[in-house]
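# Per-entry structural report
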Amino acid sequence: MAYLIDLPTFGDERGKLTIIEKVLPFEIKRFYYVYDVRGKRGGHRHHKTVQALVSLGGSCEIYINNGIEEQTFILDESDKCLIVEPEDWHTMDNFTPGSTLLVFASEYYDVNDYIDEPY
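Bear in mind that the values here come from a model prediction, so they are computed numbers and not experimental data.

All right, on to a nonpolar patch on the surface then. A surface patch of nonpolar side chains, amounting to about 270 Å² of accessible area, comprises Ile20, Ile28 and Phe31. When you line up the elements, Phe31 lands in strand E4 (residues 30-35). The class for Phe31 is exposed, based on a relative accessible area of 56%.

Examined bridge by bridge, strand E5 (residues 41-46) and strand E10 (residues 89-93) share three bridges and lie antiparallel to one another. Within the sheet, the bridge partner assigned to Gly42 lies in E10 and is Thr91. Relative to strand E12 (residues 114-115), E5 runs antiparallel, the two being bridged by two bridges. For Arg45, the partnering residue across the bridge sits in E12 and is Ile115.

Next up on the list: the layout of surface pockets. Taken as a whole, the largest pocket spans an internal volume of roughly 160 Å³. If you trace the largest pocket, you find 13 residues lining it, with Tyr32, Arg41, Gly42, His44 and Met92 closest to the centre. Of the residues contributing to the lining of the largest pocket, the split by class is six nonpolar, five polar and two charged.

Our focus in this paragraph is the environment of Tyr119. For Tyr119, the location among the structural elements is in the segment after E12. The sequence separation of Tyr119 and Glu27 amounts to 92 residues, and the corresponding C-alpha distance is 28 Å. The residues touching Tyr119, leaving out its near neighbours within four places in the chain, are Arg45, Asn65, Asn66, Gly67, Glu87 and Trp89. In this structure the side chain of Tyr119 is engaged in a polar contact, spanning 3.4 Å, whose partner is the side chain of Arg45. At a separation of 2.6 Å, a polar atom in the side chain of Tyr119 contacts the main-chain carbonyl oxygen of Glu87.

Mapped onto this structure's residue numbering, the UniProt feature "domain: Sugar 3,4-ketoisomerase QdtA cupin" (unreviewed entry) falls at residues 4-117. Its end C-alpha atoms 25 Å apart, residues 4-117 is made of 0% helix and 53% strand.

We now examine unusual backbone geometry. Within the chain, Lys22 stands out as a residue other than glycine whose phi angle is a positive 60°. Here Lys22 is to be found in the loop between strand E3 (15-18) and E4. One non-glycine residue, Asn94, lies in positive phi territory at about 55°. Locating Asn94 in the fold gives a position in the loop between E10 and strand E11 (100-105).

Let us now look at the sheet that holds E4. Reading across the sheet, the five strands line up as E1-E9-E6-E11-E4 and stay open at both edges, with antiparallel pairing between neighbours. Every interior strand has two partners, whereas the edge strands, strand E1 (3-6) and E4, have only one. The mean inter-strand angle of the sheet, taken between neighbouring strand axes irrespective of direction, is 25°. Note that strand E6 (residues 51-57) and strand E9 (residues 80-84) share three bridges and pair antiparallel. Within E9, the residue paired with Gln51 across the bridge is Val84.

What counts and how
- Residues numbered from 1 in each chain as written.
- Predicted model: local features only at pLDDT ≥ 70, side-chain atom pairs only at ≥ 80, totals over all residues.
- Heavy atoms only, no water.
- Patch = residues over 30% accessible without salt bridge, like charges linked within 9 Å, V, L, I, M, F, W, Y side chains within 5 Å.
- Areas by Shrake-Rupley, 256 points an atom, 1.4 Å probe, with all protein chains shown as cover.
- Salt bridge = Lys/Arg side-chain N within 4 Å of Asp/Glu carboxyl O.
- Helix = DSSP H or I, 4+ residues; strand = E, 2+ residues; numbered from the N terminus.
- Buried < 20%, exposed > 50% of the residue type's maximum accessible area, 1.4 Å probe, protein only.
- Pairing = 2+ DSSP bridges.
- 1 Å grid on protein atoms, 1.4 Å probe; cavity = no way out; pocket = protein on both sides within 12 Å on 5 of 7 lines; lining within 4 Å.
- Points joined across faces, edges and corners; volume = space filled by probe spheres on them.
- Nonpolar A, V, L, I, M, F, W, Y, C, P; charged D, E, K, R; others polar.
- Contact = heavy atoms within 4.5 Å.
- Polar contact = N/O pair within 3.5 Å; in protein donor to acceptor, adjacent residues only side chain to side chain.
- UniProt positions renumbered as here; feature names shortened; annotations may be inferred.
- Axes fitted to C-alpha atoms, helices over the stretch in contact; angles between N-to-C directions.

What follows is the structure in structure tokens.
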């Protein structure tokens, strides 16, 4: 099941710095970001790919169903990272205006890695 991790963050009067280094449970092979969303994204799970999702601004909801349990996560802090396991059917919804969601993936894009049928 998906889970949240805290990202190392340092701050002072100049602002904050968040580091993503040696904290993800996989080697990053791809990353992308989602923005200007007008509806629902996702709607699939994977055979192999693990993902790490970070809100870079604004917020969104991530619905997870691993076939046994369901949970909705709200990503609204840049120092929180949601780890999404391959078996986690997920959708991303309710993006606030101006929000950006950064996604790190353990695998390169492969259309055959996607499972579009929900549990």
